[in-house]
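# Secondary and tertiary structure notes
Given next are the chains, with one letter for each unit.
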Amino acid sequence: MTEYFQDYITVGAFIGLGAVLVLAMLGVASLLRPSNPTKAKYLTYECGVDPVGDGWAQSHVRYYIFGLLFVIFDVEAVFIFPWAIKLEELGMFGLVEMVVFIAILTVGLVYAIRKGVLKWE
Amino acid sequence: MADWISLPVNWVFLVLALVIAFAGVKVVTSRNLIHAALSLVGVLASTAALFLLLSAEFVAWVLVLVYVGAVLVLFLFGIMITRAPMGREVSLDNERRGLAAITALATFALLAGTSWVAFGDVEIEGVGDPITTGDLADSLLGRYLIPFEIVSFVLLAALIGGIALARKDRSPAEEAERTDA
Amino acid sequence: MMPIWLALAKVLLAFVVGLGVVVLLVWFERKIVSDLQNRIGPNRAGPFGILQTVADGLKLFFKEQITPSRVERFVFELAPFLAVVPALMLFLVVPIARPIEITLDGAPYLLSFAALDINVGLLFALAMSSIAVYAIVLAGWSSGSKYPLIGGVRGSAQAISYEAAMGLSMVAVVMWVTTLPGVTDMGAMSVNEIVLRQQGTFFPDLLALSWIPQWNLIPQFPAFVIFMIAIFAETNRAPFDLVEAEQEIVAGFNTEYSGMRFAMFFLAEYLNMFTMSALAVSLFLGGWGGPFLDTIDGWAATALSFGYFLFKTGLVLFLFVWVRATLPRFRYDQLMQLGWKRLIPTALLWLILTTLVVSFREFGAPWA
């Protein structure tokens, strides 16, 4: 087994430890806590009045645009990382490539701002 | 065969492959959109683990970051702006099931065939030291430069398409009114 | 090659430090806020009320836990796990003390105090913080109630917006660190390596200025500011705590949670605050570095460096609390405008500026 695999066994162990922590706390609490169910307690909380409607609301489409923009800038950051690491060897050519890449995606952001989809009204 | 069983890596692969297959089936059979999306998270996370098994660390974490962390959140937003108000159990099947099955099979045959032709009986030697991010940069900005730059155009096109769909177009009169106010 | 017990010991250490700091942090926040507001604050449980968090935690074990009839059960119960686990994971890549040379099976071994020292540590940290979004959006969705749903969608949109800015500021740091002399090809995305690169001083030859530490804070100050604003928004803290804007949407995404399940979200918030602060310290404030580390050696130096790490993290956490006690909450439209029209363009601009500076340093000015 190499150091590399040991690293990822560590990750697995930590996920397990975190899950066990949550399970243990919830488990201990389930032994200790009281349970006095009454009908009103199981109603959805809407500031004390009886809930109106069915609790599902449609979200505005603008959230989708934010999600899309996020995907784009996430991908951008991810692509810049390897270039940043190899900056020296890739030289001027790499620099130009990367500036083109960033510029194209910046056009997208500028377009979104100019079209006003980021405005909240 | 005995050789196959003695390697723990193969067992990990087997478990991951089964998880991927199971979750993949769940994605298409689940009647609840959010559950389907969560199954897709399972598929992608296990795929990331497969990449880790091939010591492609960078690709694995990019998969988690971009697909699990961004694209699927986008899916969730997509569900929130469309189906969520219609309740939980909706019938997601339609009469194009047969066609979809054929497409899926064809895609599987294509991918499996390509891998077979390309790697046939090559022994994959990825297990060991991780591939450095630097190596990745070399091929990304060298050999695969054109696809890399095209990615930026694809992303731009996706964004412009999304904006075109989401935007409410105003008449010039309305626009003038807004700037006055 | 590290024996398995040592790896497990490191995992346990990270776990204990993370949870221990959280227990203190809740008390710390309440105490500081009360001082800033001219109140006494918790002072009954233990000296200076330091055990208040323990008392509150114990109380939560005895609270009834209600699962409203309208919730989507599976996802509702999954969300607390998704909140706590990624928050803990982020802490894995942060080195909490100076590495120490030990003898292992007769051979010297450099023991690092980051539980996980991988080449792509920063990417791992970014991935974990993006997974944290799921807890918010799924808790909101599964509650089957309007306010949590709105809080969840809001919160996730906010988190992803600022995460984009955070990622870009990290890229600038990596770019800066890679081209410092003596960094290995694979090193600059490892948090451990970034911390090591910040030891030493900028001007070792100038006596008057030789005390200035070589922290990324100075050359990368704009990236630091962007990163700090982004982590405030990522952790949903004031002034960006719109997810739980009481006046508008009750308690936001966790309105329907009660008892221990609610406590899990609370724990995750504070864990996130701590791990993000620790990451900020490692990226910009020299991590565990500090004066006099070179004059002593062995475990004393390690202990001292751990002290420096805790102290610096404490300062960043104080900033969190200070801001919370000082600034009013943003409006949601202001929040999104700030993110996309100010922060991200600034981050892009800074990225390009860093690129140019770094390129000049590497290849010389184009006119030369």
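Here goes a summary of the coordinates provided. What you see is a predicted model; the values in this text were computed from it and never measured.

## What about the overall build of chain A?
Of the regular secondary structure elements, chain A holds three helices and zero strands. Counting from the amino terminus, chain A carries its helices and strands in the arrangement α-α-α.

## Here's the deal with helix H11 (residues 332–363) of chain C
Between its first and last C-alpha atoms H11 of chain C spans 45 Å; for 32 residues at 1.5 Å apiece the expected length is 46 Å, and the two agree. Where H11 of chain C bends most, at Leu338 of chain C, the angle is about 30°.

## Section: the interface of chain C and chain B
Contacts between chain C and chain B engage 20 residues on the former and 18 residues on the latter. For the side of chain C that touches chain B, the secondary-structure elements that each account for two or more residues are helix H4 (121–142) and helix H5 (146–178) of chain C. Here the side of chain C that touches chain B gets nine residues from one element, more than from any other, and that element is H4 of chain C. Across the side of chain C that touches chain B, the residue classes break down as 15 nonpolar, three polar and two charged.

## What to know about the pairing of strand E2 (residues 107–111) of chain C
Residues and elements named next belong to chain C. In terms of burial, E2 is largely open, as just zero of its five residues are buried. As judged from the five bridges shared by strand E1 (residues 100–104) and E2, these two strands associate in the antiparallel manner. From the neighbouring strand, Ile100 faces E2, where its bridge partner is Leu111. Counting the residues between successive antiparallel strands, the hairpin from E1 to E2 contains two residues, one of them, Asp105, with a positive phi of roughly 50°.

## Quick word on the environment of Arg73 of chain C
Tracing the backbone through its elements, the reader meets Arg73 of chain C in helix H3 (residues 73–90). C-alpha of Arg73 of chain C to C-alpha of Ser142 of chain C: the two residues are 69 residues apart in sequence and 7.3 Å apart in space.

## Some remarks on the nonpolar core
Buried together is how nonpolar side chains tend to be arranged in soluble globular proteins. Counting residues in hydrophobic clusters, the biggest one holds 188 residues, and the most contacted among them are Leu69 of chain A together with Leu123, Leu168, Val171, Phe227 and Ala280 of chain C. Here this core gets 20 residues from one element, more than from any other, and that element is H5 of chain C. Those residues in contact with Phe227 of chain C, other than ones at most four positions away along the chain, are Met166, Ser169, Ala280, Leu283 and Phe284 of chain C.

## Remarks on unusual backbone geometry
Residues and elements named next belong to chain C. The phi torsion at Asn38 lies on the positive side, around 60°, for a residue other than glycine. In the Ramachandran plot, Asn236 falls in the positive-phi region, its phi being about 55° despite a non-glycine side chain. Along the polypeptide, Asn236 turns up in the loop between helix H7 (221–234) and helix H8 (246–249).

## Description of the environment of Pro68 of chain C
Tracing the chain through its elements places Pro68 of chain C in the loop between helix H2 (52–61) and H3. Those residues in contact with Pro68 of chain C, other than ones at most four positions away along the chain, are Tyr42, Leu43 and Thr44 of chain A together with Glu256 of chain C.

## Observations concerning the packing of helix H2 (residues 62–85) of chain A against H5 of chain C
Helix-helix packing: each pair is described by the crossing angle between the helix axes and the interaxial distance. Two elements in contact, H2 of chain A and H5 of chain C, have axes whose closest approach is 9 Å; the angle formed by their N-to-C orientations is 15°. Considering the angle they form, H2 of chain A stands roughly parallel to H5 of chain C. The crossing of H2 of chain A and H5 of chain C is left-handed. For the pair H2 of chain A and H5 of chain C, the contacting residues are Tyr63, Phe66, Gly67, Phe70, Phe73, Asp74, Ala77, Ile80, Phe81, Ala84 and Ile85 of chain A in the first and Val153, Ala157, Ile160, Ser161, Ala164, Gly167, Leu168, Val171, Val174, Met175 and Thr178 of chain C in the second.

## Section: the interface of chain A and chain C
Contacts between the two partners involve 54 residues from chain A, matched on the other side by 66 residues from chain C. If you list the elements that add at least two residues to the side of chain A that touches chain C, you get helix H1 (3–32), H2 and helix H3 (87–114) of chain A. The element contributing the most residues to the side of chain A that touches chain C is H1 of chain A, with 18 residues. Taken together, the residues of the side of chain A that touches chain C sort by class into 37 nonpolar, 11 polar and six charged.

## Quick word on the packing of helix H1 (residues 4–36) of chain C against helix H10 (residues 299–326) of chain C
Residues and elements named next belong to chain C. In contact at an axis separation of 10 Å, H1 and H10 are set at 45° when each is read in the N-to-C sense. As far as their axial angle goes, H10 and H1 are oblique. Note that H1 runs across H10; the crossing there is right-handed. Along its contact with H1, which presents Leu25, Phe28, Glu29, Ile32, Val33 and Leu36, the element H10 presents Leu317, Phe318, Val321, Arg324 and Ala325. By residue class, the composition of the contact of H1 with H10 is nine nonpolar, no polar and two charged.

What counts and what doesn't
Residues numbered from 1 in each chain as written. Chains lettered and ligands numbered in written order. Predicted model: local features only at pLDDT ≥ 70, side-chain atom pairs only at ≥ 80, totals over all residues. Helix = DSSP H or I, 4+ residues; strand = E, 2+ residues; numbered from the N terminus. Expected span 1.5 Å × (residues − 1). Bend = angle between axes of the 7 residues up to and from the residue. Contact = placed C-beta atoms within 7 Å. Nonpolar A, V, L, I, M, F, W, Y, C, P; charged D, E, K, R; others polar. Buried ≥ 20, exposed ≤ 12 C-beta atoms within 10 Å, placed from the backbone. Pairing = 2+ DSSP bridges. Core = buried A, V, L, I, M, F, W, Y, C linked by C-beta atoms within 7 Å. Axes fitted to C-alpha atoms, helices over the stretch in contact; angles between N-to-C directions. Parallel < 35°, antiparallel > 145°, perpendicular 65-115°, else oblique. Left-handed = near helix turned anticlockwise from the far one by under 90°.

Read these as layout, nothing more, since geometry by itself doesn't imply function.
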